[in-house]
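Each chain, letter by letter, is given below.
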Amino acid sequence: MTAYTATVTVRLKHGVLDPEAETTKRSLERLGFDLEALRSTDRYEIDLEAESAGDAAAEVEEMAERLLANPTIHDYDVDVAQRE
């Protein structure tokens, strides 16, 4: 078994209201920052052991599908890296 760290980034799909991001965007604009858009995300870092990076990615994909993201309103990315 090899040790991996998987990073799952979960964000709302385009078109889904993101009140947290809208509030933060307005606050940044009041502070003088000029931005086109802002989206909030959740990021999870998962340490696990697996036979291969592919096996680790498959397991984390299942975690994302079953709990970390709601596929109806969220998009997510999974990145897996071997730990030293």
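Calculation rules
- Residues numbered from 1 in each chain as written.
- Predicted model: local features only at pLDDT ≥ 70, side-chain atom pairs only at ≥ 80, totals over all residues.
- Heavy atoms only, no water.
- UniProt positions renumbered as here; feature names shortened; annotations may be inferred.
- Pairing = 2+ DSSP bridges.
- Helix = DSSP H or I, 4+ residues; strand = E, 2+ residues; numbered from the N terminus.
- Axes fitted to C-alpha atoms, helices over the stretch in contact; angles between N-to-C directions.
- Contact = heavy atoms within 4.5 Å.
- 1 Å grid on protein atoms, 1.4 Å probe; cavity = no way out; pocket = protein on both sides within 12 Å on 5 of 7 lines; lining within 4 Å.
- Points joined across faces, edges and corners; volume = space filled by probe spheres on them.
- Nonpolar A, V, L, I, M, F, W, Y, C, P; charged D, E, K, R; others polar.
- Salt bridge = Lys/Arg side-chain N within 4 Å of Asp/Glu carboxyl O.
- Buried < 20%, exposed > 50% of the residue type's maximum accessible area, 1.4 Å probe, protein only.

Looking up the protein chain in an unreviewed UniProt entry gives the name Phosphoribosylformylglycinamidine synthase subunit PurS, with the organism given as Halostagnicola kamekurae. As recorded by UniProt, the Catalytic activity (unreviewed entry) comment attached to the protein chain reads in full: "N(2)-formyl-N(1)-(5-phospho-beta-D-ribosyl)glycinamide + L-glutamine + ATP + H2O = 2-formamido-N(1)-(5-O-phospho-beta-D-ribosyl)acetamidine + L-glutamate + ADP + phosphate + H(+)". UniProt's Subunit (unreviewed entry) comment on the protein chain is quoted here verbatim: "Part of the FGAM synthase complex composed of 1 PurL, 1 PurQ and 2 PurS subunits."

Chemist: Even after reading the chapter, I still don't get the sheet that holds strand β3 (residues 74-82), so can you show me in this structure?
Modeler: Backbone hydrogen bonds hold the strands of a sheet together, and the pairing may be parallel or antiparallel. The three strands are arranged β2-β1-β3 in an open sheet whose pairing can be described as antiparallel. Both edges of this open sheet fall to β2 (41-50) and β3, since each of them pairs with a single strand only. Geometrically, the sheet is characterised by an average inter-axis angle of 20 degrees between neighbouring strands, direction not taken into account. Strand direction decides the pairing type here: strand β1 (residues 2-12) and β3, joined by nine bridges, are antiparallel. Considered in β3, the bridge of L12 is made with H74. Lying over the sheet, helix α2 (residues 53-68) contacts β1, β2 and β3, oriented at roughly 135 degrees with respect to β2.

Chemist: I tried to follow the layout of surface pockets on my own but got confused; where do I start?
Modeler: Gaps left between atoms show up when a probe the size of a water molecule is rolled over them. Here the largest pocket is characterised by a volume of approximately 220 Å³. Lining of the largest pocket is provided by 13 residues; of these, V16, D18, E22, L38 and R39 occupy positions nearest its centre. Taken together, the residues of the lining of the largest pocket sort by class into five nonpolar, two polar and six charged.

Chemist: Is there a simple way to think about the pattern of salt bridges in this case?
Modeler: Two side chains with opposite charge may pair up if their charged atoms get near one another. Using the criterion set out here, one finds five salt bridges in the structure. Among the salt bridges present, the one from K25 reaches E29, with a minimum N-O distance of 2.6 Å. Of this pair, K25 and E29 both sit in helix α1 (residues 19-30), four residues apart, roughly one helical turn. Judged by relative accessible area, K25 falls into the buried class, the value being 15%. Between E62 and R66 there is a salt bridge, with its nearest N and O atoms 3.0 Å apart. With a gap of four residues between them, E62 and R66 both fall in helix α2, about one helical turn apart.

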